[in-house]
Amino acid sequence: MILTPEDLEALRGHLIVSCQAYPGEPMRDPRTMAQIAAAAVTGGAAAIRVQGLADVQFTRSAVEVPVIGLWKDGHDGVFITPTLRHALAVANAGAHVVAIDGTRRQRPDGLTLAQTVAGIHAESHALVMADCGSFDDAAAAVEAGADLIGTTLSGYTGERPKTDGPDLELVEQIAAAGFGVPLIAEGRLHTPAQARQSLDAGAFAVVVGTAITHPATITGWFAEALK
Ligand SMILES: CC(=O)N[C@H](C=O)[C@@H](O)[C@H](O)[C@H](O)COP(=O)(O)O
């Protein structure tokens, strides 16, 4: 699926909503995620991020906006679209953008990040979003040819502290470097104010997941406050 430079530019300053349910959860169903995605678009989401091949397919049918797809395999180490095979499957499922692990860690298929990005570009029309965990990851991902970079893995790889809210310091650092690649603030944006702050820190766009689409966690926040 082709996302033109104009389509990408149209996401500037906008909200991307991540719709994910985790293994064993009641809402773990591609139709459910596609319905949530459609509701998010009604509310103003300019793009959707979804996990899993069926979720990408169902969501592509349910919304008109760009779809960022990923395939989580496992939950330790390199698990976000870990190999070129996973990435091409996500692209073939219809994702406009394939989000992949964008860290400097060893990948399970032995390919470098640059080889993985090149392989996706050679075999599909999808753009590549590199999910990074640090400034050095972001710099390496830009060097490797990623089309977008995200702070998705900040706080999850050991290189950055797991801040309560978004890692605004990292967003600022990457934005200040002026890599010339759209920077997506993602991870622990829990309030509209934090989304605003992320743009003000220099992000091109923001991804919000849990705070919009994960009722179990949101309910837990309220339940905790009542204890
Ligand atoms: C670290 C990891 O596995 N992140 C995943 C990446 O797709 C998702 O579990 C997150 O929900 C997503 O990044 C959005 O972040 P938040 O849900 O905090 O708004």
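Residues numbered from 1 in each chain as written. Predicted model: local features only at pLDDT ≥ 70, side-chain atom pairs only at ≥ 80, totals over all residues. Heavy atoms only, no water.

Residues with a pLDDT of 70 or more make up 100% of the chain, whose mean pLDDT is 98. At the level of chain-chain contacts, confidence expressed as ipTM amounts to 0.99, with global pTM at 0.98. (pLDDT = per-residue confidence, 0-100.)

Once that is clear, we can look at helix α6 (residues 135–143). Of the positions making up α6, those classed as buried are Asp137, Ala138, Ala141 and Val142. Down the axis of α6, the buried set is contained in an arc of 130 degrees. They therefore lie on one face. Positive phi shows up at Gly145, right after α6, with a value of about 100 degrees. (Buried < 20%, exposed > 50% of the residue type's maximum accessible area, 1.4 Å probe, protein only. Helix = DSSP H or I, 4+ residues; strand = E, 2+ residues; numbered from the N terminus. Arc of directions from axis to C-beta.)

This part covers the packing of aromatic side chains. A complete count under the given rule lists 1 aromatic pair for this structure. On the numbers, 5.7 Å between centres and 40 degrees between planes, the contact of Phe135 with Phe179 is tilted. Here Phe179 lies in the loop between α7 (168–177) and β7 (183–186) and Phe135 lies in helix α6, a separation of 44 residues in the sequence. (Phe/Tyr/Trp six-rings, centres within 6.5 Å; stacked < 30°, edge-to-face > 60°.)

What surrounds the ligand is a group of 16 residues, the closest being Tyr22, Lys72, Glu186, Arg188 and Thr210. Here an oxygen atom of the ligand sits 2.8 Å away from a polar atom, N or O, in the side chain of Lys72. A distance of 2.8 Å separates an oxygen atom of the ligand from a polar backbone atom of Arg188. A total of 450 Å² of accessible area belongs to the ligand in isolation, and the protein chains cover 91% of it. Class assignment of the residues belonging to the shell around the ligand gives a composition of 7 nonpolar, 5 polar and 4 charged. (Near = heavy atom within 4 Å. Polar contact = N/O pair within 3.5 Å; in protein donor to acceptor, adjacent residues only side chain to side chain. Areas by Shrake-Rupley, 256 points an atom, 1.4 Å probe, with all protein chains shown as cover. Nonpolar A, V, L, I, M, F, W, Y, C, P; charged D, E, K, R; others polar.)

Here the focus is the packing of helix α4 (residues 84–92) against helix α5 (residues 113–123). For the pair α4 and α5, interaxial distance at closest approach is 10 Å and the crossing angle is 35 degrees. When the axes of α4 and α5 are compared, the crossing they make is right-handed. Contact residues: Leu84, Ala87 and Leu88 in α4; Thr116, Gly119, Ile120 and Glu123 in α5. Looking at the contact of α4 with α5 residue by residue, the classes come out as 4 nonpolar, 2 polar and 1 charged. (Axes fitted to C-alpha atoms, helices over the stretch in contact; angles between N-to-C directions. Left-handed = near helix turned anticlockwise from the far one by under 90°. Contact = heavy atoms within 4.5 Å.)

Attention shifts here to the environment of Ala39. In this fold, Ala39 is placed in helix α2 (residues 30–43). Put simply, Ala39 and Ala62 are 23 residues apart on the chain and 9.8 Å apart in space, counted from C-alpha to C-alpha.

Turning next to the pattern of salt bridges. All told, the structure shown has 12 salt bridges when counted by the stated rule. Close ionic contact of Asp131 with Arg49 constitutes a salt bridge, the shortest N to O distance being 2.8 Å. Pair noted here: Asp131 is in strand β5 (residues 127–131) and Arg49 is in strand β2 (residues 47–51), with a separation of 82 residues, a long-range link. We note that Asp131, like Arg49, is buried. In this structure, the salt-bridge partner of Arg107 is Asp101, at a minimum N-O distance of 3.9 Å. Since its relative accessible area comes to 3%, Arg107 is described here as buried. What emerges from the salt-bridge pattern is a single network uniting Arg49, Asp131 and Glu186. (Salt bridge = Lys/Arg side-chain N within 4 Å of Asp/Glu carboxyl O.)

A few words now on the side chain of Ser124. Checked against the element boundaries, Ser124 lands in the loop between α5 and β5. Using a relative accessible area of 16% as the deciding quantity, one classes Ser124 as buried. Looking at Ser124, its side chain comes within polar contact range of the main-chain oxygen of Ile120, at 2.9 Å.

This next bit is on the nonpolar core. Ranked by internal contacts, the top residues of the largest apolar core, which has 48 residues, are Ile48, Ile100 and Ile149. Ranked by residues supplied to this core, first place goes to α4 with 5 residues. With near-sequence residues (within four places) excluded, Ile149 lies in contact with Ala130, Cys132, Ala138, Ala141, Val142, Ile174, Phe179, Val181, Pro182, Leu183 and Ile184. By size, the runner-up hydrophobic cluster in this structure holds 20 residues, among which are Ile68, Ile80, Ile184 and Phe204. (Core = buried A, V, L, I, M, F, W, Y, C linked by side-chain atoms within 4.5 Å.)

The next point concerns the environment of Pro26. As for its placement among the helices and strands, Pro26 is situated in the loop between β1 (15–19) and α2. Judged by relative accessible area, Pro26 falls into the exposed class, the value being 84%. Through-space distance from the C-alpha of Pro26 to that of Ala95 is 24 Å; in sequence the pair is 69 residues apart.

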